[in-house]
Amino acid sequence: YSEPRSYLERTSDLFAFLVNGYIQKSIEASDPVQKLAFITVGIVAGYFLDLNTKKVFNPYLGETYMSRWENGATIYGEQVSHHPPLSVFQIYSPDDSWYCYSDPVKFDVDNNMMSSLEISMEGLFHLHIKNGPVYEWEFPVVYVAGQVKGDRIVRVKGSIEVKDVTNNYVAKVEVSPKANKKRGITETHASLIYGGISQCTKEKKKLLQKSEDSFIATITGDYVQQILVNGQVMWNLDNDIVKRAVGQVKDEDLLPSDVRYRADRNLLIRNNQPEADKAKTSLENLQRREAKIRESVKKKK
């Protein structure tokens, strides 16, 4: 049911393709539309790694995470609030050519009588390219079914929107669009995508184009197979291979609050589930106790 990772750890999967090539491809491109296309493809492809049928551990208040990809890009995460649950993230390039940070991200689970879940990450991410554009986006909702019985199903729900706030372009990608002959969609499935890049007005930030007929560039494909821009393959599962941020940091660089030191996580890694359950319950009780202490102090003031 659970995997031995914290939500902070799994979130790094969303950036694996982006930081391991697609930001650099965007930097090397000259056209702002093509730059935005590379950034969007890198973000959408991240769902191939992130979608997982196993549940992660909820981070406790003050929990931190630091890790590094093979190319030297480093990610930092911290749980900064318990109620509501808020996390913040920062990612830095190894050569100071870009950096990315988040607003406080609210991790929320909408439970539909345990028959299905909708997991949302409410909060903008900002990517700053040195001497270049600034991009903003929010990750879409993830739908999970089969928690109690039946096949476990995990898929993206809704659309993904990435904005180039410097040049006033926006890429909007619809997930699992309806069949549409005009779009060339004869049949659809959960991981199918369709969208494109449009220009915004400078004043009101509204789309100039209201129809896919006016897309400057069209984005199609499947986020678990391949993603195309204007019919050209820009990401392919078989050829574009990356590794997760699996470490490459020294023990002395880790804070005592790092996820690697969670007792429940380490016990589950060792397949000691009974003790992992006890450790998880202890952490949750400790967090509830500390929350009551904070509330009592507020009331006295």
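Report on the accompanying structure. For every chain, the first residue of the written sequence is number 1, and numbering continues from 1 along that sequence. Thresholds applied to this predicted model are a pLDDT of at least 70 for local features of residues and 80 or more for the giving and counting of side-chain atom pairs; totals over whole chains, interfaces and linings are not thresholded and use all residues. In computing side-chain properties, one takes all heavy atoms of the structure into account and sets aside hydrogens as well as water.

**Comments concerning the side chain of E3**
Put simply, the rule is: Numbering of helices and strands runs from the N terminus, with a helix taken as a DSSP run of H or I at least four residues long and a strand as a DSSP run of E at least two residues long. Here the term buried applies to any residue with accessible area under 20% of the maximum for its type, exposed to any over 50%, and partly exposed to those in between, with areas from a 1.4 Å probe on protein chains only. Counting of polar contacts relies on pairs of N or O atoms within 3.5 Å, with two restrictions inside protein: one atom must be capable of donating a hydrogen and the other of accepting it, and residues adjacent in sequence are counted only when both atoms are side-chain atoms.
Looking at where E3 falls in the secondary structure, it is placed in strand β1 (residues 2-6). Judged by relative accessible area, which is 10%, E3 ranks as buried. Side-chain polar atoms of E3 contact the side chain of R10, separated by 2.4 Å.

**Description of the pattern of salt bridges**
Side-chain pairing between opposite charges can occur once the charged atoms of the two side chains come close. The condition is simple: Salt bridges are counted wherever a side-chain nitrogen of Lys or Arg sits within 4 Å of a carboxyl oxygen of Asp or Glu.
Within the structure shown, the criterion is met by 15 salt bridges. The partner of E3 in a salt bridge is R10, and the shortest N-O contact between them spans 2.4 Å. Note that D96 and K130 form a salt bridge whose closest N and O atoms lie 3.9 Å from each other. In this pair, D96 sits in the loop between β5 (86-92) and β6 (98-102) while K130 sits in the loop between β9 (125-129) and β10 (134-138), placing the two residues 34 residues apart along the sequence. By the burial criterion, D96 is exposed, and K130 matches it. A cluster of three or more residues bridged by salt bridges with shared partners is formed by E3, R5, R10, D13 and R244.

**Observations regarding the environment of T11**
Spelled out, the test is: In what follows, a contact means two residues having at least one pair of non-hydrogen atoms within 4.5 Å.
Inspection of the secondary structure assignment puts T11 in helix α1 (residues 7-11). Taking the C-alpha atoms as reference points, T11 and K243, 232 residues apart in sequence, are found 14 Å from one another. In this structure, T11 is in contact with F89 and M121, ignoring residues within four places of it in sequence.

**Some words on the packing of aromatic side chains**
Applied cut-off: Note on aromatic contacts: the rings of Phe and Tyr and the six-membered ring of Trp form a pair at centre separations within 6.5 Å, being stacked when their planes are under 30 degrees apart, edge-to-face when over 60 apart, and tilted otherwise. Comment: the charge-over-ring label is applied if NZ (Lys) or CZ (Arg) is within 6 Å of the ring centre and within 35 degrees of the ring normal.
For the structure shown, the criterion picks out 17 aromatic pairs. Plain terms: the ring middles of Y92 and Y99 are 6.5 Å apart, the flat faces sit at 25 degrees to each other, and that makes the pair stacked. Taking the relative accessible area as the measure of exposure, Y92 reaches 35% and is therefore partly exposed. Ring pairs connect the aromatic residues Y7, F15, Y47, F89, F107, F125, W137, F139 and Y223, which therefore count as one cluster. Note that K25 overlies the ring of Y22, its terminal NZ or CZ placed 4.4 Å from the centroid. When the ring centre of Y143 is taken as origin, the NZ or CZ atom of R155, which lies over that ring, is 4.6 Å away.

**Some words on the state of the cysteines**
Stated formally: Disulfides are defined in this document as cysteine sulfur pairs within 2.5 Å.
Applying the stated criterion to the full structure yields zero disulfides. Left unpaired, C200 is separated from the closest cysteine sulfur, that of C100, by 20 Å. Exposure remark for C200: the relative accessible area of 11% places this residue in the buried category.

**Looking at helix α2 (residues 16-28)**
Where we set the bar: In this scheme, a helix's expected span is set at 1.5 Å multiplied by one less than its residue total. The reported bend at a residue is simply the angle between two axes, fitted to the 7 residues ending at it and to the 7 residues beginning with it.
Its 13 residues give α2 an end-to-end C-alpha distance of 19 Å, which sits within 8% of 18 Å, the value for a rise of 1.5 Å per residue. Taken as a whole, α2 carries its principal kink of about 45 degrees at Y22. Those residues of α2 not exposed but buried are A16, F17, L18, V19, G21, Y22, I23 and S26.

**What about the nonpolar core?**
When a protein is soluble and globular, its nonpolar side chains tend to lie buried together. Put simply, the rule is: In this description, a nonpolar core means a group of buried Ala, Val, Leu, Ile, Met, Phe, Trp, Tyr and Cys residues linked to one another through side-chain atoms lying within 4.5 Å.
The biggest cluster of nonpolar side chains holds 63 residues, and the ones touching the most others in it are F15 and W137. Non-local contacts of W137, meaning those with residues more than four positions away in its chain, are made with F15, L18, I43, C100, G123, L124, F125, L127, E161 and V162.

**Some remarks on the environment of G184**
Relative to the elements of secondary structure, G184 occurs in the loop between β14 (169-175) and β15 (192-199). Taking the C-alpha atoms as reference, G184 lies 10.0 Å from Y194; in sequence the two are ten residues apart.

**What to know about helix α3 (residues 32-45)**
If you check α3, its first and last C-alpha atoms are 20 Å apart, about what 14 residues at 1.5 Å a residue would give, namely 20 Å. In terms of burial, α3 is a largely internal element, twelve of the 14 residues being buried.

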